[in-house]
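Now for the letters of each chain:
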Amino acid sequence: MNEIRKDYIAEKYVIFSPKRAKRPHAFRKLKEKDIPPEKCPFCPGNEHLTPKAIKQIPKKNWKVRLIPNKFPALSEVPFNGEEGKGFFKHYKPYGYHEVLIETPDHYKEYHELSMKQLELCFKTLVERYKFLLAKKETVYVTVFKNEGKMAGASLGHTHSQIIASPVFPKKISEKMTASEKYYKKEQRCPYCDIIKAEKKKKERVVSENKEFIVLAPYASTWPYETWIFPKKHISDISCLDNSQQKYLVKTIKKLLGKYAELFGDLPYHIVYNSFPKSDFWHFHIEIYPKLKIYGGFEYFGLYVNEVLPEYAAKKLKF
Ligand SMILES: [Zn+2]
Ligand SMILES: [Zn+2]
């Protein structure tokens, strides 16, 4: 049965077409092998191959290493706001583009890291997020992880990225507008309401613990896409207390472990959606396993998904 679903609040539609999953090679193995540790700039001993570290914890025999991106999309240049006229407006490429190397171990997958190591990674990311957000010209700080070449990671050695930009990413501003519209009408955070509604329906709940809930969203764009929400209204990643951070890290680890169990070594994106203290923005993490490559039709912003989220939730349950 095919169906067109609308996103919870945004003007985004997805065509569900479960029959298409039966096509041969519907979900290809997209992960590729990587360069050996001797040549890997993220491996200990090769530190000279990267720009000078911003931070190494600990300084000697580091467990995590924060570095500027060698090929940054944005950098610290003087910023003059919007320039140009009419159709031709532009900005100086101001910003920060940094990389967190999450383990000295070349071969460890992210979800295979110990809880202690994952907590250290998370704390380092949050601290840097706060630091970059405090910069005068920064409007938004994007935190994300690409795992595997097909997910856009240029290196297989596990790492996350942080980009501070003087403009909002399109997806964030669209979601923000939709959230604010809902909030103005209902006087409640839309995501708090979504969590409540999905808990009642149960069929798209992947997992739940004291602090977090994992959903396969109603209008998932990608097969097996999941979102992780704190159950309490928290809008910003830096507002999670110690215990909530621990719960979150554990939730991510278990969820990624479940993906690995189902699909093996698969490429994915982790996207952190955070916004400083807001009544209508609810912090959440989106996970996009790359089980397919999108074609021309999706370029228009109308997606075809072969896997209903109810089915994905059942398969991913942990
Ligand atoms: Zn390496
Ligand atoms: Zn909320």
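Rules used throughout
- Residues numbered from 1 in each chain as written.
- Chains lettered and ligands numbered in written order.
- Predicted model: local features only at pLDDT ≥ 70, side-chain atom pairs only at ≥ 80, totals over all residues.
- Helix = DSSP H or I, 4+ residues; strand = E, 2+ residues; numbered from the N terminus.
- Buried ≥ 20, exposed ≤ 12 C-beta atoms within 10 Å, placed from the backbone.
- Arc of directions from axis to C-beta.
- Contact = placed C-beta atoms within 7 Å.
- Pairing = 2+ DSSP bridges.
- Axes fitted to C-alpha atoms, helices over the stretch in contact; angles between N-to-C directions.
- Domains from an automatic or database assignment.
- Nonpolar A, V, L, I, M, F, W, Y, C, P; charged D, E, K, R; others polar.
- Parallel < 35°, antiparallel > 145°, perpendicular 65-115°, else oblique.
- Left-handed = near helix turned anticlockwise from the far one by under 90°.

Take the environment of D193 next. On the secondary structure map, D193 appears in helix α3 (residues 190-201). Separated by 45 residues in sequence, D193 and S238 have C-alpha atoms that sit 22 Å apart.

Glancing now at helix α6 (residues 309-316). Residues of α6 that are buried include every one of P309, A312, A313 and L316, and no others. Looking straight down α6, one finds its buried side chains confined to an arc of 100°; they lie on one side. Among the structural elements, β10 (205-208), β12 (226-230) and α4 (242-263) are those in contact with the buried residues of α6.

The next thing to look at is the sheet that holds strand β15 (residues 303-305). Pairing is mixed in the open sheet, where three strands are placed in the order β1-β2-β15. Among the strands making up the open sheet, the edge pair consists of β1 (3-6) and β15. When the angles between neighbouring strand axes are averaged without regard to direction, this sheet yields 30°.

Below, the discussion takes up unusual backbone geometry. Across the junction of I57 and P58, the peptide omega takes the value -20°, indicating a cis bond. Turning to its location among the elements, P58 is positioned in the loop between β3 (55-57) and β4 (64-68). Residue Q187 is not a glycine yet carries a positive backbone phi of 60°. Along the chain, the position of Q187 falls in the loop between α2 (170-186) and α3. The class of Q187 is exposed, set by 9 C-beta atoms lying within 10 Å. With a phi angle near 65°, Y224 is a residue other than glycine that sits in the positive phi range. Within the secondary structure, Y224 is located in the loop between β11 (212-215) and β12. With 26 C-beta atoms counted inside 10 Å, the residue Y224 sits in the buried group.

Moving on, we get to the sheet that holds strand β7 (residues 96-101). Taken in spatial order, the 10 strands make up an open sheet running β3-β4-β7-β9-β8-β13-β14-β12-β11-β10, and their pairing is antiparallel. Both outer strands of the open sheet, β3 and β10, are each paired with one neighbouring strand and no more. Across the sheet, the axes of successive neighbouring strands diverge by a mean angle of 15°, strand direction being ignored. Its contacts with the sheet place α4 against β11, β12, β13 (268-273) and β14 (284-289), and it is angled at close to 25° to β11.

So, about the domain arrangement of the chain. The domains assigned to the chain are domain 1 (1-30 + 172-318) and domain 2 (34-167). Measuring from the centre of the C-alpha atoms in domain 1 to the corresponding centre in domain 2 gives 24 Å. Each partner contributes residues to the interface: domain 1 has 20 residues there, and domain 2 has 21 residues. Of all the secondary structure elements, the ones that give two or more residues to the side of domain 1 that touches domain 2 are α4 and β13. Here the element with the most residues in the side of domain 1 that touches domain 2 is α4; it accounts for eight residues. Considered class by class, the residues forming the side of domain 1 that touches domain 2 number 12 nonpolar, four polar and four charged.

Closest axis-to-axis distance for the helix α1 (residues 115-133)/α4 pair is 10 Å, and the angle between their directions is 115°. Classified by the angle between their axes, α1 and α4 sit roughly perpendicular to one another. Remark: the crossing between α1 and α4 carries right-handed chirality. Between α1 and α4, the residues in contact are M115, L118, E119 and F122 and Q245, K246, V249, K250 and K253, respectively. Grouping the constituent residues of the contact of α1 with α4 by class yields four nonpolar, one polar and four charged.

Counted residue by residue, β4 has four buried out of five residues, so it is predominantly covered. Pairing geometry for β3 and β4, over three bridges, is antiparallel. In the strand pairing of β4, Q56 is matched with R65. What sits between the antiparallel neighbours β3 and β4 is a turn of six residues, in which N61 has the positive phi angle 50°. Direction of pairing for β4 relative to β7: antiparallel, over a ladder of four bridges. Note on β7: the bridge partner recorded for I67 is V99.

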